[in-house]
Amino acid sequence: MDIRLITQDDIPQVVGIQSRITRREVSDLWQRMLLRHVDSEDQVAFVAEEDGQVIGFIIGEIKVGGFGSEVTGWVEMMGVAPDKMGSGIGKALARRLFDYFAEQGVHDVLTSVAWDSGDILAFFKGLGFDRSVFINLERKE
Ligand SMILES: CC(C)(COP(=O)(O)OP(=O)(O)OC[C@H]1O[C@@H](n2cnc3c(N)ncnc32)[C@H](O)[C@@H]1OP(=O)(O)O)[C@@H](O)C(=O)NCCC(=O)NCCS
């Protein structure tokens, strides 16, 4: 397995994985969000590739200001092809993103997880995450 930066050519395969995970068609908005992570320093994405096939992805972002530190790295979203889950791909993708953040001088990494997603919390806890001092607020009209 190889982990490398995403390219525009990977987008259909990443969309395919996301669609298999969510069991829904992936919106144009989501695809445009992904495209913004190609060839960008602050909005990055890595893919895991095996035998020429993309089998997982991770999307991250470096944000300046707020959240206690001058610069923070965010794990925005990640996904592993359902038939490949549980074989260390997610962990390897996350570690690659953390290495990228560290190369950019970013050592404070945050993410948001639904409070009732016990399994995803377990996944992130295994990567060294713990509850932060921040809470998410939401306003709807
Ligand atoms: C969450 C996800 C990215 C994990 O990737 P993965 O390749 O399946 O996970 P790994 O095999 O690398 O597992 C790493 C560790 O997390 C644990 N883990 C992974 N998925 C888990 C789950 N659903 N419940 C509990 N623990 C889990 C593994 O046991 C492993 O622990 P270990 O290091 O002690 O052996 C993947 O399952 C996925 O795509 N899920 C659907 C999309 C999603 O929820 N994305 C995250 C939020 S955007």
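Right above here is the structure, for reference.
Described below are features of the structure shown in this document. Residue indices follow the written sequence of each chain, beginning from 1 at its first position. Under the rules for a predicted model, residues below a pLDDT of 70 receive no local features and side-chain atom pairs below 80 are neither given nor counted, while totals for whole chains, interfaces and linings still include all residues. The side-chain figures draw on all heavy atoms in the structure; neither hydrogens nor water molecules are used.

A few points about the site of the ligand
Neighbouring residues of the ligand: 16 residues in total, closest Val80, Gly86, Gly88, Gly90 and Lys91. Any pair of nitrogen or oxygen atoms within 3.5 Å is treated as a polar contact; in protein, a donor-acceptor pairing is required on top of that, and neighbouring residues in sequence qualify only through side-chain atoms on both sides. Separating an oxygen atom of the ligand from a backbone N or O atom of Ile89 is a distance of 3.5 Å. When the ligand is considered free in solution it has 910 Å² of accessible area, and contact with the protein chains removes 63% of it. Put simply, the grid is 1 Å and covers the protein atoms alone, a cavity is a trapped set of points that fit a 1.4 Å probe, a pocket is an open set with protein on both sides within 12 Å along at least five of seven lines, and lining residues have an atom within 4 Å of a point. To decide whether a molecule occupies a pocket or cavity, check its atoms: if more than half lie within 2 Å of the grid points, it is inside. According to the grid-proximity analysis, the pocket containing the ligand is the second largest pocket. Those elements giving two or more residues to the shell around the ligand turn out to be β4 (71-80), α3 (89-103) and α4 (118-126). Of the residues belonging to the shell around the ligand, the class tally is 9 nonpolar, 5 polar and 2 charged. Throughout, near means a residue has at least one heavy atom within 4 Å of the molecule or strand. Accessible surface is estimated by sampling points in the Shrake-Rupley manner with a 1.4 Å probe; for residues, cover comes only from the protein chains shown. Runs of H or I in DSSP of at least four residues are treated as helices and runs of E of at least two as strands, each being numbered from the N terminus. The classification used treats Ala, Val, Leu, Ile, Met, Phe, Trp, Tyr, Cys and Pro as nonpolar, Asp, Glu, Lys and Arg as charged, and all other residues, Gly among them, as polar.

Considerations on α3
Since the α-helix advances by 3.6 residues per turn, residues separated by three or four positions end up pointing in the same direction. Under the convention used throughout, the expected extent of a helix is 1.5 Å for every residue step, that is, one less than its residue count. If you check α3, its first and last C-alpha atoms are 21 Å apart, about what 15 residues at 1.5 Å a residue would give, namely 21 Å. Note on exposure labels: buried denotes an accessible area under 20% of the residue type's maximum, exposed denotes more than 50%, and partly exposed covers the range between, all computed with a 1.4 Å probe on protein chains only. Every buried residue of α3 is listed here: Ile89, Gly90, Leu93, Ala94, Leu97, Phe98, Tyr100 and Phe101. Each element contacted by the buried residues of α3 is listed here: β1 (2-5), β2 (43-50), β3 (53-64), β4, β5 (109-111) and α4. Taken from the residues just after α3, Gly105 is the one with a positive phi, measuring 80 degrees. Whether two residues are in contact is decided by their heavy atoms, any of which lying within 4.5 Å being enough.

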